[in-house]
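Listed below, chain by chain, are the residues.
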Amino acid sequence: MIIMKIHKKLLEKVYLLFTVFFNLYLFLITYIQYSSHRGTDFDIYGNYLNYFIYGIKQTLQEQTVGYFFLVSEISKFNINAMKISIDYRDLIYNHGIQITNYILFLIGLVGIYKLLISLEISKFYTFTAINLISIFPPLVGLRMILKPEIMAFAFLPWLIFIILTYKQTNQKKYLIMALPLIAILLSLKSSITLMIGFTILIFFGKEALKKDIIFLGIGSIVLMSLLIFESFQFTNILIWDHK
């Protein structure tokens, strides 16, 4: 029995290492082979990078600015390349987009890991699920292009994990932890807002009418409103508006 447990733990550690290196390999392949500045809608969303990196004011057509600001800040790590040649601009974009997206993608994978483990799914199946998710074509595409939907992948698993943990423990600290996640997710895009709203209602069920959950809803709306207002200062549009 002891030998079997040691053997199982060893296999889990080996599979963990494989998962880490497998995902690193996937990142390097896409980073080297794909130019994110040629991706879907970059001609629209690229205006945000021009604004936050170079201060070039152009038409901004999405309400969410937090994601684009984050990409811009990471892009600035290579901004000195512009001193060599203007031709390096696209490389700066590619670096910022793919590094930011992969960080968010990893946050989502860790959230999925925590969620599946909390549901008492074995580590073998959990790592298998993570590796399959990593090569799922829509997600491969999502982490290569400039779109804020990657933030939904990053934070939704954590939100579900926190909600389920709250329901198991009934500790209010988990509701506090959920507040910023809900606010960020609700303020991304109108389509994501509806999806997140339905997800919260499904997982809370009848408990949604409890006083603590109502306070969670009010707090989330307040934080969401602040995020929307902050974005409005840059774009002059609201989450349900499109230019």
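Residues numbered from 1 in each chain as written. Predicted model: local features only at pLDDT ≥ 70, side-chain atom pairs only at ≥ 80, totals over all residues. Heavy atoms only, no water.

A. Up close: helix 4 (residues 89-118). Taking 1.5 Å of rise per residue, the 30 residues of helix 4 would be expected to cover 44 Å, and the 44 Å separating its terminal C-alpha atoms lies within 8% of that figure. Trailing helix 4 by a residue or two, Glu120 shows a phi angle of about 65°, which is positive. (Helix = DSSP H or I, 4+ residues; strand = E, 2+ residues; numbered from the N terminus. Expected span 1.5 Å × (residues − 1).)

B. Molecular detail of helix 9 (residues 190-204). Over its 15 residues, helix 9 runs 21 Å from end to end, which matches the ideal 21 Å to within 8%, given 1.5 Å per residue. Those residues of helix 9 that fall on the buried side of the exposure criterion are Ile192, Ile196, Thr199, Ile200 and Phe204. Along the long axis of helix 9, the arc covered by the buried residues comes to 115°, so they all point the same way. Those residues of helix 9 that are exposed and aimed more than 90 degrees away from the buried face are Leu194, Phe198, Leu201 and Ile202. Close packing links the buried residues of helix 9 with helix 7 (150-169), helix 8 (173-186) and helix 10 (211-235). (Buried < 20%, exposed > 50% of the residue type's maximum accessible area, 1.4 Å probe, protein only. Arc of directions from axis to C-beta. Contact = heavy atoms within 4.5 Å.)

C. Local environment of the side chain of Ser134. Of note, Ser134 is situated in helix 5 (residues 123-134). Here Asn23 takes part through its side chain, which lies 2.5 Å from a polar atom of the side chain of Ser134. Of the polar contacts made by the side chain of Ser134, one reaches the backbone oxygen of Ile130; its length is 2.9 Å. What Ser134 contacts, discounting residues up to four positions off in sequence, is Asn23, Leu26, Phe105, Leu109, Val140 and Arg143. (Polar contact = N/O pair within 3.5 Å; in protein donor to acceptor, adjacent residues only side chain to side chain.)

D. Main features of the pattern of salt bridges. Inspection of the entire model under this criterion finds 2 salt bridges. Between Lys76 and Glu73 there is a salt bridge whose closest N-O contact spans 3.1 Å. The exposure class assigned to Lys76 is partly exposed, which follows from its relative accessible area of 31%. In this structure Glu73 comes out as partly exposed when scored by relative accessible area, which is 31%. With its nearest N and O atoms 3.8 Å apart, the salt bridge here joins Lys172 to Asp212. In this pair, Lys172 is assigned in the loop between helix 7 and helix 8 and Asp212 in helix 10, connecting sequence segments 40 residues apart. Using a relative accessible area of 52% as the deciding quantity, one classes Lys172 as exposed. (Salt bridge = Lys/Arg side-chain N within 4 Å of Asp/Glu carboxyl O.)

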